[in-house]
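Structure assessment
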Amino acid sequence: MHRGDSHKTYRFLGTWRAGRSNWRLQFLSVFSLAVAFVCLAAALLVVTNLAAVRDRWSHAGRATVYLRDSAGNDEVQGLVKALESTPGIEKVRFVSREAARREVLAGGDENLAALPPEAFPASVEVSFANDVDDMEVSVMALKLRALASVETVDTYQRWTERLSSLLHGGVTASLFLALVVFGAVVSVVASTMRLLLEKRRLEVEVLRLVGATTRFVCKPFIVEGATQGAAGATVAVVLLGSLYAIVRGGFDAQLANLLGVSPSFLPWPVVGGMVMTGALLGAVTAWISLRKAVRI
């Protein structure tokens, strides 16, 4: 190894070891960044699961036709046969008033058991083929509502609209939290780098006297900034993953069947993107905040 290279390596390692000695400051910085990233990751987790539920319900491919109390048996049978012969409908199931009551009371709810039999209307459940779009379902529901034996038709689209509204709000909140996290990363990393620089001011001055460039002096700080950003994001993902595992363990299977989807954690690309974003923000913030400070 050349003498110049050995001096450069020595100076770099010396600056790096000096940074490692301030482990308490580094720990506080990582903890602060982890708190900020937890907020962002939690918002993204809610948005991810809301999107899954919305997609599931928007393609539910089913509708429930509620019948009037005055609907006769012949009318009901005629409606069932007409639906079975309609293109795009895969399955038709008639649910009598008694069957509807048994299904609802299967959960053992005493309040529901006290309801009168009239509270459980007869219905016809319709399942559509996958190639039937929402417009065709809406048109069919409109035609069914015009029948004298039909009280109403529920295509579950209003739930999709509500979920879409919630999803839009979740995305907006996530964008706001992303700005907050970016601000926290810039503030925490910049403050940490300046404190480290003040503690190592004498060493930096010596390095500049022996010919070290601004880039060389800043390099260990940039590495530390990137490490802090990545570590903060990683700790946040680990903490959120632990909380998610606890919540998922107590998640009711019946609720999952009702929603049609089970809760899921953040996709790996999102997790990797958070860690990479944290590292990049930390490195860029450290470089920008120290460029003027080391020009002595």
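How each quantity is defined
Residue positions are given per chain, counting from 1 as you read along its sequence in written order. The predicted nature of this model means local features are confined to residues of pLDDT at least 70 and side-chain atom pairs, given and counted, to a pLDDT of 80 or more, with totals for whole chains, interfaces and linings taken over all residues. As a convention, hydrogens and water are excluded, and side-chain values are obtained from all of the structure's heavy atoms. We count a stretch as a helix when DSSP gives it H or I for four or more residues in a row; a strand needs E for two or more, and each element gets its number in order from the N terminus. Each residue is placed in one exposure class: buried if its accessible area under a 1.4 Å probe, protein chains only, is under 20% of its type's maximum, exposed if it is over 50%, and partly exposed if it falls in between. Method for areas: the Shrake-Rupley scheme with a 1.4 Å probe, in which residue coverage is limited to the protein chains shown. We define the nonpolar core as a collection of buried residues of types Ala, Val, Leu, Ile, Met, Phe, Trp, Tyr and Cys that are connected through side-chain atoms lying within 4.5 Å of one another. In what follows, residue pairs with any heavy atoms lying within 4.5 Å of each other are defined as contacts. Along the chain, pLDDT gives the predictor's confidence residue by residue, from 0 to 100. For salt bridges, the criterion is a side-chain nitrogen of Lys or Arg within 4 Å of an Asp or Glu carboxyl oxygen.

A tally of helices and strands in the protein yields 11 helices and four strands. Taken over 296 residues, the protein has a buried fraction of 38%. Of the accessible surface of the protein, which amounts to about 17500 Å², a share of 63% is contributed by carbon and sulfur atoms.

Next up on the list: the nonpolar core. Counting residues in hydrophobic clusters, the biggest one holds 28 residues, and the most contacted among them are F37, M193 and L266. Of all elements in the fold, only α2 (23-58), α7 (157-199), α9 (214-249) and α11 (268-291) reach the threshold of two or more residues within this core. Each residue touching M193, except ones within four places of it in the same chain, is listed here: F221, E224, G225, Q228, A286, S289 and L290. One finds V76, L79, L83 and I89 within the second-largest nonpolar core, a separate group that totals 22 residues.

Low-pLDDT stretches of the model should not have their predicted coordinates read in fine detail. Confidence along the protein averages 76 in pLDDT terms, with 75% of residues attaining 70 or more. Within the protein, helix α3 (residues 73-84) carries the highest mean pLDDT (88), whereas helix α1 (residues 3-20) carries the lowest (49). A low-confidence stretch, residues 10-16 stays under pLDDT 50, and its non-local contacts, those more than four residues away or across chains, total 16 contacts.

Our focus in this paragraph is the pattern of salt bridges. Think of it this way: side chains of opposite charge can pair up when their charged atoms draw near. A full pass over the atoms with the stated rule returns three salt bridges. Residues D69 and R97 are paired through a salt bridge, measuring 2.9 Å at the closest nitrogen-oxygen approach. Of this pair, D69 sits in the loop between β1 (62-67) and α3 while R97 sits in helix α4 (residues 97-104), placing them 28 residues apart in sequence. Taking relative accessible area as the criterion, D69 reaches 57% and is therefore assigned exposed. Residue R97 is classed as partly exposed on the basis of its relative accessible area of 22%. E125 serves as the salt-bridge partner of R93, at 3.0 Å between the closest nitrogen and oxygen. Here R93 is found in strand β2 (residues 89-95), whereas its partner E125 is found in strand β3 (residues 123-128), with 32 residues between them in sequence.

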